[in-house]
Structures are given as C-alpha cells and as structure tokens.
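Report on the structure
Single-letter residue listing:
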Amino acid sequence: MILAKSLKEECLPKRMGLIHIGHDLESWAMANPQAFDDDFFLVSDGQEINL
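None of the values given here were measured: they were computed from a predicted structure. Throughout this document, residue positions are counted from 1 along each chain, in the order its sequence is written. Totals for whole chains, interfaces and linings use all residues, but because this is a predicted model, local features are given only for residues with pLDDT of at least 70 and pairs of side-chain atoms are given and counted only at 80 or more. Each side-chain value is derived from all of the structure's non-hydrogen atoms; neither hydrogens nor water enter the calculation.

1. Observations concerning the overall build of the chain
Scanning the chain for helices and strands turns up 2 helices and 2 strands. Counting from the amino terminus, the chain carries its helices and strands in the arrangement α-β-α-β. Projecting the C-alpha coordinates of the chain onto the three principal axes gives extents of approximately 25 × 25 × 15 Å. Classification of residues uses two cut-offs on accessible area relative to the type maximum, computed with a 1.4 Å probe and protein chains only: under 20% is buried, over 50% is exposed, and between them is partly exposed. Burial status across the chain gives 22% buried among its 51 residues. The criterion used for residue contact is that any of the two residues' heavy atoms lie within 4.5 Å. Contacts in the chain between residues far apart in sequence, at least 24 positions, make up 54% of those at least 6 positions apart. Method for areas: the Shrake-Rupley scheme with a 1.4 Å probe, in which residue coverage is limited to the protein chains shown. Carbon and sulfur atoms form 54% of the exposed surface of the chain, whose accessible area is close to 4400 Å². Strands here mean DSSP runs of E at least two residues long; helices mean DSSP runs of H or I at least four residues long; both are numbered from the N terminus.

See below:
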C-alpha cells in the first residue's frame, strides 16, 4: 500500500485502482475501506474502466 500511495503522490492521478493485490490483502481492503483515500478503488478482473 505504501508503494501505491507514493505512486499516487508522484503521478497525481484523479483516481487510482488497485488490481491483483492478492486475496488476503483484497479481503482486508474490502473489510477496511477506511484505510484508503476516497480516490483509491479496487478493480476486479474483467472490470472495464472508463478513462
């Protein structure tokens, strides 16, 4: 998560999606959404993202 936050700070995207983060981390992230900024979101396999 530290890497994702540092990339976000360096690149300054409006939103940042996380994918393929591992089942344990994904389960934890879904159970603890307060650990992320509002502009972070989890992406599912096959999910389309409008740019």
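2. Structural notes on the layout of surface pockets
Grid points spaced at 1 Å and placed over the protein atoms alone form the basis of the search, with a cavity being a set where a 1.4 Å probe fits but cannot get out and a pocket an open set showing protein on both sides within 12 Å along at least five of seven lines. Lining residues have an atom within 4 Å of a point. Grid points are joined across faces, edges and corners, and a volume is the space filled by probe spheres set on the points. In this model, the largest pocket occupies a volume close to 150 Å³. Forming the walls of the largest pocket are Leu18, Ile19, His20, Ile21, Gly22, His23, Glu26, Leu42, Val43, Ser44 and Asp45. Residues are grouped as follows: Ala, Val, Leu, Ile, Met, Phe, Trp, Tyr, Cys and Pro are nonpolar; Asp, Glu, Lys and Arg are charged; all remaining types, including Gly, are polar. Partitioning the lining of the largest pocket into residue classes produces 5 nonpolar, 4 polar and 2 charged.

3. Focus: the packing of aromatic side chains
Any two rings among Phe, Tyr and Trp, with Trp reduced to its six-membered ring, count as a pair given centres within 6.5 Å; such a pair is stacked if its planes are under 30 degrees apart, edge-to-face if over 60, and tilted if neither. Counting across every chain of the model gives 2 aromatic pairs. Ring plane angle 65 degrees and centroid distance 6.2 Å describe the contact between Trp28 and Phe36, whose orientation is recorded as edge-to-face. Residue Trp28 is classed as partly exposed on the basis of its relative accessible area, which comes to 40%. A ring pair is formed by Phe36 and Phe40, whose centres lie 6.3 Å apart and whose planes are at 50 degrees; its orientation type is tilted. Phe40 sits in the buried class, given a relative accessible area of 9%.

4. Observations concerning the environment of Phe41
If you trace the backbone, Phe41 turns up in strand S2 (residues 40–42). Exposure remark for Phe41: the relative accessible area of 18% places this residue in the buried category. Distance from Phe41 to Leu7, taken between C-alpha atoms, is 14 Å for residues 34 residues apart in sequence. Apart from residues lying up to four places away in sequence, Phe41 is in contact with Arg15, Met16, Gly17, Leu18 and Ile49.

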